[in-house]
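Each chain is listed here by its residues.
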Amino acid sequence: MADNRADNIFEVSNLIVDVADMTRKPLFGPAPRLEILKGVSFTIPRGAVLGIVGGSGSGKTTLGRTMVRLTEPSSGRMLFDGHDIAHLSDAAMRPLRPRIQMIFQDPLSSLNPRLTVGRTVAAPLNARANDSRIREALEHVGLPADFARRYPHELSGGQRQRVGIARAIAMRPEFILADEIVSGLDVSSQAQVLMLLEKLVAELGLTLAFISHDLSVIRRLCSRVIVLRSGEIVEDAATADLFERPQHAYTRELLDAIPTPDPSVRW
Amino acid sequence: MSGFLEIRGLSARLAGTGQRLLRSVDISLPAGSVRGLVGESGAGKSMIGKAVLGVLPKAVEIIEGEILLDGQDLQKVSPGERRRLIGAKAALIPQDPLTALNPSRRIGPQITDRLVDILGWTKARAATRALEVLAEVSIPEPERIMRLYPHELSGGMRQRILIASAFAAEPKLIVADEPTTALDVTVQKQILKLISELQARHGTALLFVTHDLGVVSKVCDTLSVLYAGKVVEDTTVERFFAAPQHAYSSALLAATPRHTDPASSLQPVPRVVLDAVAAEVAASDSVWRPNGGAGG
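All figures in this text were calculated on a predicted structure; none of them were measured in a lab.

**Focus: the overall build of chain B**
What chain B contains, in helices and strands, is 11 helices and 10 strands. In terms of C-alpha radius of gyration, chain B reaches 20 Å, essentially the compact-globule figure of 19 Å for 296 residues. Dimensions along the principal axes, computed over C-alpha positions, put chain B at roughly 55 × 50 × 35 Å. Across the 296 residues that make up chain B, the buried fraction comes to 46%. Taking the contacts inside chain B whose residues are at least 6 apart along the sequence as the reference set, 67% of them involve residues at least 24 apart.

In structure tokens form, the structure reads like this:
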């Protein structure tokens with residue numbers, strides 16, 4: 001089966017997402033279009049971890065939502081494992097959905113408060129609460145099996161985010177999109193979640209796109225980074241190159257804004 | 001006379017369950033200096049800020065210790081007097097600029113209300129002052145901004161407005177509770193620089209609550225590291241980043257992302273360190289007397 005898989009899990013070319021700009025709509029006639037993504041092209045090789053970085057409003061979340069087809073692009077091509085999924089219908093998309101999973105930014109609002117952890121993980125699997133895949137997924141993220149009976153409010157922020165990860169990996173996906181998944185966590189949970197993700201990528205052979213506004217968390221995890229600004233890719237480079245030889249002024253600005261934990265480095 | 005803010009032996013617990021939230025916390029903050037309160041979520045860092053501002057949730061009771069603001073013990077004055085005292089001398093820069101502003105009211109009155117209601121200023125004087133502080137935080141066209149609603153402004157602008165509001169009454173102490181966690185890095189840098197600049201210019205004492213040691217190294221002079229409501233290390237920023245004394249502090253520093261040294265950063269706090277610090281905190285509890293007199 002491995003033979004007929006495409007080398008690049010994602011091939012995105014000239015992706016455009018625009019919306020009607022209702023604040024500038026004239027009384028009669030159509031609203032002008034506001035471009036959120038202005039022709040974005042990149043590829044993600046199988047097994048790579050791609051960082052997507054940019055300030056607020058740069059379009060990084062829109063790009064992520066388009067890749068998992070929560071948003072339909074206005075134009076452009078988006079090949080997932082060789083299939084163009086840019087304009088697939090919901091029905092045609094459905095068989096591909098289990099292979100593409102997402103981990104959300106806010107672990108509390110992305111978990112149903114009325115479902116136990118076990119049922120949360122079981123839901124996308126259409127499984128019963130005693131299914132072995134649930135225990136296995138919890139084990140992978142380092143949560144004890146008896147956590148399956150707990151509710152989200154009984155967990156800490158870091159544990160909730162682990163549940164989000166368990167739900168995504170239980171589907172045995174090929175690709176996971178992680179959208180700002182550590183920005184709501186304190187440093188020690190942040191480190192735990194990132195190290196967990198690093199381990200899972202290696203163990204399960206995942207391909208990961210990791211969206212963040214903070215370049216410092218990207219360095220350790222990602223092999224390649226694209227920097228977005230106002231819907232355009234301003235830099236696309238291997239992680240080490242990006243940190244050592246940033247080419248674009250905006251990348252340098254992002255790097256300079258990182259508060260390095262060292263009082264001798266002044267801003 | 002020591003610090004402008006002196007917290008001595010402050011302990012607090014959750015009414016009902018009796019769960020300890022703060023354990024004999026000592027903090028001294030001289031006028032015009034900046035202290036970071038650092039720790040994981042649930043360590044009690046925001047709780048200290050709330051105690052200082054007199055806005056602890058009803059379920060939290062202070063069981064011993066004192067909070068001296070400019071020499072006056074906040075526990076010993078009447079609630080009305082405490083409100084005026086804190087209103088005149090202290091202010092808060094909150095974490096989330098969107099929830100801290102009332103979405104259905106214009107910006108202007110949200111800044112001036114406090115000045116009129118608590119400090120008894122005239123409306124005209126409060127409005128003039130609001131325009132002044134908005135200009136000071138580099139908000140363009142302050143007259144126009146005063147008439148807008150919060151949703152019409154970006155996150156960075158909203159945080160600037162809250163900073164202006166905090167400095168409006170010329171407080172001598174400001175509690176900043178994670179003021180930049182909701183912002184992206186470039187905006188965070190601008191906001192932190194702005195807070196530092198205003199703090200230095202006005203000689204305000206600043207209690208800076210954060211979990212980000214990177215931010216501490218840029219903004220603070222001294223810091224207190226908290227675990228489970230106990231200060232485990234109280235030191236200066238220079239000494240802390242050169243060589244943290246407590247094992248838990250070193251572990252926290254190793255967990256902090258450091259893009260210049262990716263291999264040795266982002267290390268989760270080891271189990272043994274957590275167990276050791278938990279044991280240490282528990283041991284200090286056994287000498288704590290529920291009805292003991294206040295220290296100092």
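Continuing now.
**Considering the overall build of chain A**
Helix and strand counts for chain A come out as nine helices and 10 strands. Taken over C-alpha atoms, the radius of gyration comes to 19 Å for chain A, in line with the 18 Å a tight globule of 267 residues would show. The proportion of buried residues among the 267 residues of chain A is 43%. In chain A, 66% of the contacts between residues at least 6 apart in sequence involve partners at least 24 apart.

**Concerning the pairing of strand S2 (residues 20-29) of chain B**
Counting buried residues in S2 of chain B gives eight out of 10 residues, a clear majority hidden from the surface. Between strand S1 (residues 5-14) of chain B and S2 of chain B, which follow one another and run antiparallel, lie five residues, and Gly16 of chain B among them has a positive phi close to 95 degrees.

**Comments concerning the interface of chain A and chain B**
On the chain B side, the residues contacting the 28 residues of chain A number 33 residues. Looking at which element gives the most residues to the side of chain A that touches chain B, the answer is helix H6 (residues 187-204) of chain A, with six residues. Split into classes, the residues belonging to the side of chain A that touches chain B amount to 14 nonpolar, eight polar and six charged.

**Quick look at the nonpolar core**
Counting residues in each nonpolar core, the largest one holds 154 residues, and the members touching the most others are Ala166 and Phe210 of chain A. Sequence-distant contacts of Ala166 of chain A, that is, excluding residues within four places in its chain, are made with Val121, Ala137, Leu138, His140, Val141 and Leu143 of chain A.

**Considerations on the packing of helix H6 (residues 155-167) of chain B against helix H7 (residues 185-202) of chain B**
Residue and element names in this part refer to chain B. Look at H6 against H7: their axes get within 10 Å of each other, and the N-to-C directions meet at 15 degrees. Here H6 is positioned roughly parallel relative to H7, judged by the angle of their axes. The handedness of the crossing between H6 and H7 is right-handed. In this structure, H6 uses Gly155, Gly156, Gln159, Arg160, Ile163 and Phe167 to contact H7, whose residues at the interface are Val187, Gln190, Ile191, Leu194, Ile195, Leu198 and His202. For the contact of H6 with H7, the per-class residue count stands at seven nonpolar, five polar and one charged.

**What about the sheet that holds S2 of chain B?**
All names here are of chain B. Pairing is antiparallel in the open sheet, where four strands are placed in the order S2-S1-S4-S5. The open sheet has two free edges, formed respectively by S2 and strand S5 (72-73), since each of these has just one partner strand. Pairing of S1 with S2, which is carried by six bridges, proceeds in the antiparallel orientation. Each residue of the ladder has a partner; that of Glu6, found in S2, is Ser28. Relative to the sheet, helix H1 (residues 45-53) contacts S1, S2 and strand S4 (60-69), its axis offset from that of S2 by approximately 70 degrees.

**Remarks on H6 of chain B**
Residues and elements named next belong to chain B. In a regular helix each residue adds 1.5 Å, so 13 residues correspond to 18 Å; H6 covers 19 Å between its end C-alpha atoms and thus fits that length. For H6, a buried count of 11 out of 13 residues is recorded, marking the element as mostly surrounded by other parts of the structure. Against strand S6 (90-93), helix H3 (107-117), helix H4 (123-136), strand S7 (173-177) and H7 lie the buried residues of H6.

**A look at the sheet that holds strand S2 (residues 33-45) of chain A**
Spatially, the four strands line up as an open sheet ordered S2-S1-S4-S5 (chain A), and their pairing is antiparallel. Each edge of the sheet is formed by a strand with only one pairing partner; in this case those strands are S2 and strand S5 (83-84) of chain A.

**Structural notes on the environment of Ile107 of chain B**
Mapped onto the fold, Ile107 of chain B is located in helix H3. Once residues within four sequence positions are removed from consideration, Ile107 of chain B is found in contact with Ile145, Met146, Leu148, Pro150 and Ile161 of chain B.

**Details of the confidence of the model for chain B**
Averaged over all residues, the pLDDT of chain B equals 90, while 96% of them reach at least 70. For the stretch residues 289-296 of chain B, pLDDT sits under 50, and the model shows 12 contacts to residues farther than four places along the chain or on other chains.

**Things to note about the packing of H3 of chain B against H4 of chain B**
All names here are of chain B. Between H3 and H4, the least distance of the axes is 9 Å, while the angle of their chain directions is 125 degrees. In this view, H3 runs oblique relative to H4, as classed from their interaxial angle. Handedness of the crossing formed by H3 with H4: right-handed. Within the contact between the two elements, H3 uses Gly108, Ile111, Thr112, Leu115 and Val116 and H4 uses Lys123, Ala126, Ala127, Arg129 and Ala130. When its residues are assigned to classes, the contact of H3 with H4 shows six nonpolar, two polar and two charged.

**So, the pairing of strand S8 (residues 207-212) of chain A**
All names here are of chain A. In terms of burial, S8 is largely enclosed, as six of its six residues are buried. By the bridge criterion, five bridges tie strand S7 (residues 175-179) to S8 in an arrangement that is parallel. Bridged to Phe175 within S8 is Thr207. Once you follow S7 into H6 and on to S8, the crossover reads as right-handed.

**Comments concerning the environment of Ala243 of chain B**
Assignment of secondary structure puts Ala243 of chain B in the loop between helix H9 (237-242) and helix H10 (247-255). Between the alpha carbons of Ala243 of chain B and Ile93 of chain B there is a distance of 30 Å; along the sequence they are 150 residues apart.

**Regarding unusual backbone geometry**
Negative phi is the rule for most residues except glycine; trans is the rule for most peptide bonds. Residue Asn14 of chain A is not a glycine yet carries a positive backbone phi of 50 degrees. In this structure, Asn14 of chain A sits in strand S1 (residues 8-20). Taking the C-beta count within 10 Å as the criterion, Asn14 of chain A has 14 such neighbours and is therefore assigned partly exposed. One non-glycine residue with positive phi stands out, namely Glu141 of chain B, at about 45 degrees. Topologically, Glu141 of chain B is positioned in the loop between H4 and helix H5 (142-146).

**A closer look at helix H4 (residues 132-140) of chain A**
Residue and element names in this part refer to chain A. Within H4, burial applies to Ile134, Ala137 and Leu138. In an axial view of H4, the angular spread of the buried residues amounts to 100 degrees, which keeps them on one side of the axis. Within H4, the exposed residues directed more than 90 degrees away from the buried face are Ser132 and Glu139. Close packing links the buried residues of H4 with helix H3 (117-122) and helix H5 (157-170). At the C-terminal side of H4, Gly142 shows a positive phi close to 75 degrees.

The rules behind these values
Residues numbered from 1 in each chain as written. Chains lettered and ligands numbered in written order. Predicted model: local features only at pLDDT ≥ 70, side-chain atom pairs only at ≥ 80, totals over all residues. Helix = DSSP H or I, 4+ residues; strand = E, 2+ residues; numbered from the N terminus. Rg over C-alpha atoms; globule rule 2.2 N^0.38 Å. Buried ≥ 20, exposed ≤ 12 C-beta atoms within 10 Å, placed from the backbone. Contact = placed C-beta atoms within 7 Å. Pairing = 2+ DSSP bridges. Nonpolar A, V, L, I, M, F, W, Y, C, P; charged D, E, K, R; others polar. Core = buried A, V, L, I, M, F, W, Y, C linked by C-beta atoms within 7 Å. Axes fitted to C-alpha atoms, helices over the stretch in contact; angles between N-to-C directions. Parallel < 35°, antiparallel > 145°, perpendicular 65-115°, else oblique. Left-handed = near helix turned anticlockwise from the far one by under 90°. Expected span 1.5 Å × (residues − 1). pLDDT = per-residue confidence, 0-100. Right-handed = clockwise from strand over helix to strand, strands pointing away. Arc of directions from axis to C-beta.

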